[in-house]
2 protein chains.
Amino acid sequence: MTQNDTVTRILNAAETLFAEKGFSETTLRSITEQANVNLAAVNYHFGSKKALIQAVFARFLNPFCVLLDSNLDAFEAQTTKQTTDLHGVLGVLERTLLASLTGDTSQERLSIFLRLLGLAYTQSQGHMRRFLKSNYDVTYKRIVSVIQESNPDVSENDLFWRIHFAVGSMIFTFSSIESLRAIANNDLHTDNTVPDIVKMLIPFIEGGINRRLVAP
Amino acid sequence: MTQNDTVTRILNAAETLFAEKGFSETTLRSITEQANVNLAAVNYHFGSKKALIQAVFARFLNPFCVLLDSNLDAFEAQTTKQTTDLHGVLGVLERTLLASLTGDTSQERLSIFLRLLGLAYTQSQGHMRRFLKSNYDVTYKRIVSVIQESNPDVSENDLFWRIHFAVGSMIFTFSSIESLRAIANNDLHTDNTVPDIVKMLIPFIEGGINRRLVAP
DNA sequence: ATACGTTTGAAACAACTGTTTGAAACAAAG
DNA sequence: CTTTGTTTCAAACAGTTGTTTCAAACGTAT
């Protein structure tokens, strides 16, 4: 089907360019040029630029949420609530994140995925936040409650903020990972791969979330 | 002086609108309208929109870096290198951050400041990154080396990434703090102030950076 | 082959962008 | 008052943006 071909070519080009330059800075002309389709194709197939942005997110988030849900089912079935530990939950998250990005260039797509998420949080506060909230809120709420079960001794409010601190460290890191890797390479002469960085990030998050508050 | 008045009115309006909508999404017409100045005033006083963006950052970062530098001098004078601990360094950072934002609305300005920083990292990868690098790299490198002194047993590479995980958690949190507070208020019926959140964030960062890697 | 709904194509549209212009208003000094 | 340099103003400029239009090309059932 030539329609499907055009649609996916637009999605691929949009995904790359959005991650590179942001939403407002990416023009429909640059997208359709890179996709080798006519300018009018975007408005014909998606209706508007806003709808195209949402379609790019949906192509990522729909399979991810489905996979995460089933992985959480399996995880909860194999462990009782008492033994639910943060390390296990984060393991499920990490594996789902990597597995949901199929294909040979999964490393790059992980960065793109998280960079787009970061852009959605900072940029374009209007329609994207509503779109994410109305489509993926149930999955978000579930992962929060699972983490809460693994830390019953920390107050709900504290845990809520620690989770978002952790989300922030992850999104920020991968949003600017190209420049961070360049700095590390230049200053420290190290060349960390994306899995390397994930292996450092997960313990950081564990340490931050599990941290006991000490009296000053 | 009416010139200075126009300049600061433009800077105030630009600062607010940039933080609200981002750089590309904010038009010069909306800035000059909110500042009650003529449209041409921006190009007359600053030269271009890019230069205006950099001026907004300079107004924040210049006093902050000067203050941080002297605070680090005082901190290093009062403690030997052996006793340099992460807790103390983060305390200096926190106090400098809050103190550099003078005025009665310091809470709001802290959010605006960090939100702009986050935008500079994700959006507009070109001129802003060069501007930040060429103007504030010495201060950045100093704070990194001080943290490294406080954690001599962690490898340079690990510490580099943990520092950026921490920066990410801070920037991300304050970039979207309005919506996060709204969610917390709606879901948990809590109303955390900005200092409350800082008090939770600092221990999180300490826990993440100090975290010992455990064998799986 | 004919007819019909779908998809593509080139061109134009209206709106908005940052920037420039040149005259007017202003302030300060001779 | 006149002159000088600085600042403001309304208007226009040239370029780009997302979107629309409508005819041509396409694929597919009758």
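A quick note: this is a predicted structure, and the numbers were derived from the prediction, not measured.

Undergrad: Which residues make up the side chain of Ser150(B), and what values go with them?
TA: Residues and elements named next belong to chain B. Positionally, Ser-150 belongs in helix α7 (residues 127–150). What makes Ser-150 buried here is its relative accessible area of 12%. Of the polar contacts made by the side chain of Ser-150, one reaches the side chain of Asn-151; its length is 3.0 Å.

Undergrad: Can you tell me about the interface of chain B and chain A, naming the residues and giving the values?
TA: Each partner contributes to the interface: chain B provides 50 residues, whereas chain A provides 51 residues. On the chain B side of the interface with chain A, the three residues burying the most area are Trp161(B), Phe165(B) and Phe204(B), jointly 17% of the side's total. Where chain B packs against chain A, one counts zero salt bridges. The interface formed by chain B and chain A holds 10 residue pairs in polar contact (both at pLDDT 80 or more) in total.

Undergrad: Kindly report on the domain arrangement of chain A, identifying the contributing residues and their values.
TA: All names here are of chain A. Assigned domains within chain A: domain 1 (1–47) and domain 2 (58–210). For domain 1 versus domain 2, the separation of C-alpha centres amounts to 27 Å. Counting residues at the interface gives 11 residues for domain 1, matched by 10 residues for domain 2. In total, about 860 Å² of surface goes out of reach between domain 1 and domain 2, with carbon and sulfur atoms giving 55% of it.

Undergrad: Please set out the confidence of the model for chain A residue by residue, giving values where relevant.
TA: When pLDDT is averaged along chain A, the result is 86, and 89% of the positions lie at 70 or above. Confidence scores differ between elements of chain A, with helix α6 (residues 106–122) of chain A showing the lowest mean pLDDT of 80 and helix α2 (residues 28–35) of chain A the highest of 97.

Undergrad: Give me the nonpolar core: which residues, what numbers.
TA: Most often, soluble globular proteins have nonpolar side chains that are buried together. Counting residues in hydrophobic clusters, the biggest one holds 144 residues, and the most contacted among them are Leu52(A), Phe57(A), Leu116(A), Leu52(B), Phe57(B) and Leu116(B). When residues no more than four places from it in sequence are discounted, the contact partners of Phe57(B) are Phe23(B), Leu116(B), Leu117(B), Ala120(B), Met128(B), Phe131(B), Leu132(B) and Tyr136(B).

Undergrad: So what's going on with the packing of aromatic side chains? Residues and values would help.
TA: Taken as a whole and assessed by the stated rule, the structure comprises 17 aromatic pairs over all chains. With 6.1 Å between their ring centres and 50° between their planes, Phe23(B) and Phe57(B) make a pair best called tilted. Taken together, the residues span a long stretch of sequence, with Phe23(B) in the loop between α1 (2–21) and α2 (28–35) and Phe57(B) in helix α4 (residues 49–78) at a distance of 34 residues. Grouping residues by exposure puts Phe23(B) and Phe57(B) together as buried. One aromatic cluster in this structure is built from Phe160(A), Trp161(A), Phe165(A), Phe204(A), Phe160(B), Trp161(B), Phe165(B) and Phe204(B).

Undergrad: Requested: an account of the relation of the copies chain B and chain A, with residues and values cited.
TA: Under the fitted operation, chain B is carried onto chain A by 0.0 Å of movement along the axis and a turn of 180°, and the coordinates agree to an RMSD of 0.1 Å. A rotation of that kind, with that shift, is consistent with a two-fold axis. Both copies present the same face, since 100% of the interface residues in chain B are matched by interface residues at the equivalent positions in chain A.

Undergrad: If you had to explain the pattern of salt bridges to someone new, which residues and values would you point to?
TA: Side chains that differ in charge, positive against negative, can pair when their charged atoms come close. Taken as a whole and judged by the stated rule, the model has 18 salt bridges over all chains. Between Arg142(A) and Glu76(A) there is a salt bridge, with the nearest N and O atoms lying 3.1 Å from each other. Pair noted here: Arg142(A) is in helix α7 (residues 127–150) and Glu76(A) is in helix α4 (residues 49–78), with a separation of 66 residues, a long-range link. Overall, Arg142(A) belongs to the buried group, its relative accessible area being 17%. Judged by its relative accessible area of 33%, Glu76(A) is partly exposed. A salt bridge links Asp137(B) to Lys141(B); the nearest nitrogen and oxygen atoms lie 3.1 Å apart. Placement of the pair is Asp137(B) and Lys141(B) together in helix α7, with a separation of four residues, close to one helical turn. Residue classification places Asp137(B) among the buried residues on the basis of a relative accessible area of 18%. For Lys141(B), a relative accessible area of 38% gives the class partly exposed. Among the charged side chains, a network of salt bridges with common partners joins Asp69(A), Asp73(A), Glu76(A) and Arg142(A).

So, how was this worked out
- Here, residues in each chain are numbered from 1, in the same order as that chain's written sequence.
- Going through the entries in the order they are written, you letter the chains from A and number the ligands from 1.
- Since the coordinates come from a predicted model, pLDDT governs what is reported: local features require at least 70, and pairs of side-chain atoms require 80 or more to be given and counted, while whole-chain, interface and lining totals use all residues.
- Only heavy atoms go into the side-chain values, all of them from the structure, while hydrogens and water stay out.
- The helix and strand labels rest on DSSP assignments: H or I over at least four residues marks a helix, E over at least two residues marks a strand, and numbering proceeds from the N terminus.
- Only protein chains enter the calculation, and the probe is 1.4 Å; a residue is then buried if its accessible area is under 20% of its type maximum, exposed if over 50%, and partly exposed in between.
- Any pair of nitrogen or oxygen atoms within 3.5 Å is treated as a polar contact; in protein, a donor-acceptor pairing is required on top of that, and neighbouring residues in sequence qualify only through side-chain atoms on both sides.
- Any pair of residues with heavy atoms lying within 4.5 Å of one another is described as a contacting pair.
- Note on terms: buried area is the combined drop in 1.4 Å-probe accessible area of two parts once they are placed together, counting the loss on both.
- Take a side-chain nitrogen of Lys or Arg and a carboxyl oxygen of Asp or Glu: if they are within 4 Å of each other, that pair is a salt bridge.
- The split of the chain into domains comes from an automatic or database domain assignment.
- The pLDDT value tells you how sure the predictor is about a given residue, anywhere from 0 up to 100.
- Here, nonpolar core means buried Ala, Val, Leu, Ile, Met, Phe, Trp, Tyr and Cys residues that are tied together by side-chain atoms lying within 4.5 Å of each other.
- Two aromatic rings, drawn from Phe, Tyr or Trp (for Trp, its six-membered ring), form a pair once their centres lie within 6.5 Å of each other, and the interplanar angle then sorts them: stacked below 30 degrees, edge-to-face above 60, tilted otherwise.
- Only residues with pLDDT of at least 70 in both copies contribute their C-alpha atoms to the least-squares superposition of the copies.

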